[in-house]
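The lines below spell out each chain.
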Amino acid sequence: MSSADTPTPHPDAPEASSAAAGAAARRPRRAVGFGFLLSELATLFRRPRTWAMLAALAAVPVLIAVAVRLTDGGDGRGPAFLGSITQNGLFVGFTALVVSIPLFLPLTVGVVAGDSIAGEANSATLRYLLVSPVGRIRLLVVKFAAAVVFCLVATLVVVIVGTLIGWALFPVGPVTLLSGATVGVGEALGRSLLIALFVALSLTGLAAIGLFISTLTDAPVGAMAATVVLSIAAQVVGQLSQLEWLHPWLFTYHWLDFADLLRQPIDWSSFGANALLQLAYVAVFGALAYGRFTTKDVLS
């Protein structure tokens, strides 16, 4: 950015906004490259909102485990793997993922991705960030990378808390896979982490969509809401048989295909197809975000 683009503080700007903007201007000057990513992650995970969302995700497996424990497994109805919890507590994490994927995980990812650029614009710090050597492209990449890290952390919270509460309330032992084979506890835990990676990968396309929407507006709440609504709409479309031809192109198409990782041997086809699909969404919406953000007037 040339010196002509350097913003001139408005005489009516509040002193608090000027101080915050000055602090934002100083941060990227010393945090460029990988250091900038670490600074962004530190900012993201220092927010009370982030910890509140992670706590809400952690509550999902706890509620499931407590409910099953108090009802002795119920009548067998409910999400996948629910009936297996009483026999093996490791299934709490799997069940919690099935419950969290349609709404809770997309909701939290939508909040983080939708706030990425719009939040900076709304707080009047975006222009000061871009004055530094960070640059627009690097800022986009760092914001997206932080959203991807959050996708992984959020998924791991569900799996790890589910595993711990399942271990505490139910017997734990070898796991019988969907293919009928039995694996030890160690391998079952490894597959749990692999499933968490699969789900986190599934959410990267949504993160890219949220990043693009965030470049379109200065209202972070609007960007968050639009991202979450799109994830719900895609899942609704995925249930309509009249639009079956469109289903394989939806970013939500493989969200629940992690069951293939619970077979012996592991069926990697869905993992690869999911990775290609999410990569396509990242490429398309990353390019759209780049095109929009590089022409965005940050001085208005």
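The structure we're discussing is the one just above.
Report on the accompanying structure. Every value quoted in this text rests on a predicted model; they were computed, and no experiment measured them. (Residues numbered from 1 in each chain as written. Predicted model: local features only at pLDDT ≥ 70, side-chain atom pairs only at ≥ 80, totals over all residues. Heavy atoms only, no water.)

1. Some remarks on a nonpolar patch on the surface
On the surface, a cluster of nonpolar side chains totalling about 460 Å² of accessible area is made up of Leu 103, Phe 104, Leu 107, Ile 232, Val 236 and Leu 240. Every element with two or more residues in the nonpolar patch is listed here: helix H5 (104-122) and helix H10 (220-237). Along the polypeptide, Leu 240 turns up in the loop between H10 and helix H11 (269-293). Taking relative accessible area as the criterion, Leu 240 reaches 36% and is therefore assigned partly exposed. (Patch = residues over 30% accessible without salt bridge, like charges linked within 9 Å, V, L, I, M, F, W, Y side chains within 5 Å. Areas by Shrake-Rupley, 256 points an atom, 1.4 Å probe, with all protein chains shown as cover. Salt bridge = Lys/Arg side-chain N within 4 Å of Asp/Glu carboxyl O. Helix = DSSP H or I, 4+ residues; strand = E, 2+ residues; numbered from the N terminus. Buried < 20%, exposed > 50% of the residue type's maximum accessible area, 1.4 Å probe, protein only.)

2. Observations regarding unusual backbone geometry
Residue Pro 265 is bonded to the preceding Gln 264 through a cis peptide linkage, with omega at 0°. Assignment of secondary structure puts Pro 265 in the loop between H10 and H11.

3. A look at the nonpolar core
Counting residues in hydrophobic clusters, the biggest one holds 76 residues, and the most contacted among them are Ile 85, Leu 97, Leu 105, Phe 150, Ile 195, Val 199 and Phe 258. Setting aside its immediate chain neighbours within four residues, Leu 97 contacts Leu 105, Thr 155, Val 158, Val 159, Ile 195, Val 199 and Phe 258. (Core = buried A, V, L, I, M, F, W, Y, C linked by side-chain atoms within 4.5 Å. Contact = heavy atoms within 4.5 Å.)

4. Notes on the environment of Leu 38
Among the secondary structure elements, Leu 38 is positioned in helix H2 (residues 34-46). Sequence separation of Leu 38 and Val 142 is 104 residues, and the distance between their C-alpha atoms is 9.2 Å.

5. Concerning the pattern of salt bridges
Once the charged atoms of two side chains with opposite charge are near each other, the side chains can pair. Summed over the entire model, instances satisfying the criterion amount to five salt bridges. A salt bridge links Lys 143 to Glu 40, with the nearest nitrogen and oxygen atoms 3.0 Å apart. Placement of Lys 143 in helix H7 (residues 136-169) and of Glu 40 in helix H2 is noted, with a sequence separation of 103 residues between them. The class of Lys 143 is buried, set by a relative accessible area of 5%. We note a salt bridge from Arg 47 to Asp 115, for which the minimum N-O separation is 3.3 Å.

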